[in-house]
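Residue-level structural notes
The residues making up each chain are set out below.
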Amino acid sequence: MLRATLKSLLARKLRLILSGLAVVLGVMFVAGAFVVTDTLNRSFDSLFASAYATTDVSVSAKPKVEVSEFEGEEVAAPMSASVVKQVSGVPGVKSATGQVDADGARVIGSDGKVLTSMGPPRLGTNWTGTNSLVQLREGRGPAAASEIAVNAAVAKAAGIRIGDRVGVLTLEPKKEFTLVGIWGYSGNRDSIGGAQEVAFTEPVAQRLMLGETGVYSSVRVQAADGVSPEALRDRIAAVVGDGYQTRTGEQLAAESAAGIQQGLGFFSNILLGFAGVALFVGIFLILNTFSIIVAQRTRELALMRAIGASRRQVIGSVLVEATVIGLVAAVLGLAAGVGVGFGLAYLFSEFGGGGLQLAPIGVPLAAIISSFVVGVLVTVVAAVLPALRASRIAPVAAMQDVATPDRPLTRISIAGGAVTAAGATALGIGLFGDSGGATLWTILGGVLVSFIGIALLTPLISRPVISVLGRLFSWSLPGRLGRLNSGRNPRRTAITAAALMVGIALVTGVTVVMDSAKSSLKAEAASVLKAEVIISGDDNGPRPATYDPAVLREAAALPGVRAAAGLWDDQVLINGVKEWVNATEDTATLSQAYGDGGTVTKLRDDQILVDVPTAEGHHWQVGDRVTVQASRGEPRGYTIAATFAKDALPGSILLPGAATKDFGITQPVIGFVKLDDGVPLAQVLPQVKALLADSPEVSAQDAQAFINEQAATFDVIIVMIQILLALAILIAVLGVINTLALSVLERTRELGLLRAVGLGRAQTMRMVTVEAVVISVFGALLGVVVGAGMGTAVTRALKSDGITELVLPWGRMGTYLLLAAVVGVIAAVLPAIRAARLNVLGAIAHD
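Not measured: the values here are computed from a predicted model.

Time to look at the overall build of the protein chain. Of regular secondary structure, the protein chain possesses 23 helices and 23 strands. With the principal axes as the frame, the protein chain shows a C-alpha extent of 100 × 75 × 50 Å. Classification of the 847 residues of the protein chain by burial places 51% in the buried group. Relative to all contacts within the protein chain whose residues are 6 or more apart in sequence, the contacts with residues 24 or more apart total 81%.

Listed below in structure tokens is the structure:
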């Protein structure tokens, strides 16, 4: 029986390729996710080990506000020079060097634009000389307050040379320096992980990067000969006390790598999620393929039963075939996944990692195990139902010249209704109810179960819907035949269409939610934002763009300007709880510039404003005292002076301008300019732009352009989802090709008879093409309807979160249907050519 199974499998190589290709693509995503994560993890491990190679022990003050990688940029707490002296006196210390090392030094290139960063920090440091890691390539280190040195990566990207005057943005507005030195790193590297570094003299670095002189961000310690880093760390920790973090260089490298790995893990989970979608769609393809194969092999399997094969052997025969396909697909998918993983790692290093030096490509054990488990498991699970169906073929079928008849749809329709109801219930609980902290998994489970239920219901609706769709092509004989063929086997058509339905439904659902969110954002912004001119910048790094606050005063003095106000922001602790807050110099001016100019309490330096929802959420009352710890400085007490209506002012908690000196970023990040009635925008906007000449990170634009720019983020998300789900749709297209190819093989005799009675080759090709187009459009129509329904449900569930408008993207949904028709035409090419080339006499004699 095993030999017969293997011979049957090898005799149908096309079936093997088409069945396994879906699994290959899914496994490729799974293996690629593990390979790219492993490669980048090892690359960052090597990077940070190199970065801290000259550090035995590091001492730094505990941050005032601890911030995770996903929450923003943590601000290092400054430590006084006395700590450096204290550490120097610890036995076993060879040297202790105070370091200034903070993100936020943005170099302005020779083209007048700020160097951007897609992830690596832009560090401002104090020049401490060369060592085994840092090596001067040109010039010297800075010695005067007006001098800087930069690493080679900055010099190349900015197009600057020794002797050039270079503008740098820091905690203070733009300042110009003379470039006196360019350095690199051991191993002929221009940077460490793409970091952009600017070195100042020590007092300048302290003032510009930490906000005050005489302080450091950390102390780098080298151990004396014979003293281990661990022992020295413990000695230093005992001396400096609990207010400081004392770690070895190896600990720093491990902690830095762990933070990166958390972000990479999120990226890996996204890839695995889309791999799951691809494999889920692949199950439909494999299930359909084996169902058709079992139907085609009815006589063959019946003969096996007649000569003594048991039901268990027949099931084993089908499952062995599935296992072989799964193993072959797993091997090919793993090989493809290694290539994809390395390609993604290379793209990350070039465009997101600032030239990260990649570790040698490796294949982790998890990638190998998961590839084979997923490949074999998915294929075998998809083949179980066809295998059971094959075992029920009676031996007497060997004497019949018919395929397995299509069965009634009653049971599958009842099951589909029950499964759909269960999925809808889970989805409703996740969206509208209390799922006990498992909201995401409840929603995902509800979506998955709903898809399965809808797929089970699809045969019930396929015949009437396809009949209607097919009438669009019934103006000719091939069109009528194609329509009848697409509806003759509802189960087969439904499974093929369901595969396409999943991808289209997910894309449509995401599009509905994103377009609704975009429309809601625009509507809300238009209703609350009354400023005609907005000062803002693109966030091209981990820190937001800023500008000189003097611009606000100059803008307010322009003819035709009623008010100009800026906004600062920071992540702080309020009564020990992390909160995002804003600050402004004058709340009354902000109210005029941003909103309708209503009466707003003018804040003293010890007062704050809170919006009503936030006050209610924290059970705060006007007059209550709260303690605020900003990113710098000491905790300060504030009195809640008043509350304001939601969206009457930007943000939810508003601090006075005096608080900004302790913020992590001490310059405004956005500005609002309100014009006098009747003043044309064209008169003022160019003047505001001119005021920003020394703030190249930001620009001034009209309010509508600003709103459109913010809303464009949703379009980027939609495009990313479409690209990632394109794989699932590709697998669905393979399903259409597979179904048609096997259907042509199954109907060889029928096609021969049609050709014999006068159906031409071109007509035969049109008949197959119509069948493919009808199935594809049916699947896309089903996906659009299901996706629109799910997207609507999610949008309604998010109404309390600000998505107040429901937008159905009719244009995009129509495009999906048109693309489905094109996909049907493309999918039909090979099967149609094969059908047209059949030898008429040979086809009629086909058994």
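This paragraph deals with the sheet that holds strand β14 (residues 244–248). The pairing of strands in a sheet comes from backbone hydrogen bonds and takes either a parallel or an antiparallel form. Reading across the sheet, the 4 strands line up as β3-β13-β1-β14 and stay open at both edges, with antiparallel pairing between neighbours. The two strands at the open ends of the sheet, each matched to only one other strand, are β3 (93–99) and β14. Averaged over all pairs of adjacent strands, the angle between their axes in this sheet comes to 20°, without regard to strand direction. Taken together, the 3 bridges between strand β1 (residues 57–61) and strand β13 (residues 218–223) define a ladder with antiparallel strand orientation. Within β13, the position partnered with Val59 by the bridge is Val219. Lying on the sheet, helix α3 (residues 81–88) is in contact with β1, β3, β13 and β14; it crosses β3 at an angle near 170°. Sheet strands in contact with helix α6 (residues 229–240) are β1, β3, β13 and β14, and its direction is about 170° off that of β14.

Residues Phe284, Phe451, Met501, Val502 and Ile731 are the most contacted members of the largest nonpolar core, which totals 86 residues. Sorting elements by how many residues they give to this core places helix α7 (residues 249–296) first, with 17 residues. With near-sequence residues (within four places) excluded, Phe284 lies in contact with Ala455, Ile495, Ala498, Ala499 and Val502.

This paragraph deals with α6. The terminal C-alpha atoms of α6, which comprises 12 residues, lie 16 Å apart, in line with the 16 Å expected from a rise of 1.5 Å per residue. Here α6 has its buried residues at Leu232, Arg233, Ile236 and Val240. On an axial view of α6, the arc spanned by its buried residues comes to 105°, and they lie on one face. Count one or two residues on from α6 and you reach Gly241, which has phi positive near 95°.

The next thing to look at is the side chain of Arg233. Relative to the helices and strands, Arg233 resides in helix α6. Overall, Arg233 belongs to the buried group, its relative accessible area being 18%. Separated by 3.2 Å, the side chains of Arg233 and Asp234 make a polar contact. Those residues within four positions of Arg233 in sequence are excluded, and the remaining contacts are Val57, Thr246, Arg247, Thr248 and Gln251.

Let's shift gears to helix α5 (residues 202–210). Residues Val204, Ala205, Gln206, Leu208, Met209 and Leu210 constitute the buried set of α5. Where the residues of α5 are buried, they touch β4 (101–103), β6 (122–126), β10 (175–185), β11 (196–200) and β12 (215–216). Within two residues after α5, Gly211 carries a phi angle of roughly 90°, on the positive side.

Here the focus is the side chain of Asp570. If you trace the backbone, Asp570 turns up in strand β16 (residues 561–574). Summary of buried charges: Asp570 has no salt-bridge partner, and the nearest side chain of opposite charge, Arg632, is 7.4 Å away. Among the polar contacts listed, one links the side chain of Asp570 to the side chain of Ser631, at a separation of 2.9 Å. Those residues in contact with Asp570, other than ones at most four positions away along the chain, are Glu579, Trp580, Val581, Ala630, Ser631, Asp662, Phe663 and Gly664.

Next up on the list: the packing of helix α14 (residues 490–528) against helix α21 (residues 761–797). Packing of α14 against α21 leaves a shortest axis separation of 6 Å and a crossing angle of 35°. As α14 packs across α21, the resulting crossing turns out to be right-handed. Classifying every residue of the contact of α14 with α21 gives 15 nonpolar, 12 polar and no charged.

Moving on, we come to the confidence of the model for the protein chain. Chain-level statistics for the protein chain give a pLDDT mean of 84 and a share of 92% at 70 or above. Of all secondary-structure elements in the protein chain, the lowest mean pLDDT belongs to helix α1 (residues 2–11), at 59, while strand β8 (residues 147–151) reaches the highest, 96.

Here we come to the pattern of salt bridges. A side chain with one charge may pair with a side chain of the opposite charge, provided their charged atoms come close. This model, assessed by the stated rule, comprises 22 salt bridges. Across the salt bridge formed by Lys175 and Glu172, the nearest N and O atoms sit 3.3 Å from each other. Look at Lys175 and you get partly exposed, because its relative accessible area is 29%. Its relative accessible area of 23% is what places Glu172 among the partly exposed residues. Taken together, the shared-partner salt bridges connect Asp515, Lys518, Asp715 and Arg812 into one network.

Once that is clear, we can look at the environment of Gly783. Within the fold, Gly783 resides in helix α21. Once residues lying within four places of it in the same chain are set aside, the contact partners of Gly783 are Met501, Ile504, Ala505 and Thr508.

A separate point is empty space enclosed by the protein. Counted according to the given criterion, the structure contains 4 cavities of 30 Å³ or more. Estimates place the volume of the largest cavity at around 80 Å³. Along the wall of the largest cavity there are 13 residues; nearest its centre are Gly104, Arg106, Thr170, Leu171 and Arg543. Here the second largest cavity defines a volume of roughly 50 Å³. Lining the second largest cavity are Val628, Ala630, Glu634, Arg636, Tyr638, Leu655, Ala659 and Asp662. Looking at the lining of the second largest cavity, its residues break down into 5 nonpolar, no polar and 3 charged.

Thresholds applied
Residues numbered from 1 in each chain as written. Predicted model: local features only at pLDDT ≥ 70, side-chain atom pairs only at ≥ 80, totals over all residues. Heavy atoms only, no water. Helix = DSSP H or I, 4+ residues; strand = E, 2+ residues; numbered from the N terminus. Buried < 20%, exposed > 50% of the residue type's maximum accessible area, 1.4 Å probe, protein only. Contact = heavy atoms within 4.5 Å. Pairing = 2+ DSSP bridges. Axes fitted to C-alpha atoms, helices over the stretch in contact; angles between N-to-C directions. Core = buried A, V, L, I, M, F, W, Y, C linked by side-chain atoms within 4.5 Å. Expected span 1.5 Å × (residues − 1). Arc of directions from axis to C-beta. Polar contact = N/O pair within 3.5 Å; in protein donor to acceptor, adjacent residues only side chain to side chain. Lys, Arg positive; Asp, Glu negative; His and termini not counted. Salt bridge = Lys/Arg side-chain N within 4 Å of Asp/Glu carboxyl O. Left-handed = near helix turned anticlockwise from the far one by under 90°. Nonpolar A, V, L, I, M, F, W, Y, C, P; charged D, E, K, R; others polar. pLDDT = per-residue confidence, 0-100. 1 Å grid on protein atoms, 1.4 Å probe; cavity = no way out; pocket = protein on both sides within 12 Å on 5 of 7 lines; lining within 4 Å. Points joined across faces, edges and corners; volume = space filled by probe spheres on them.

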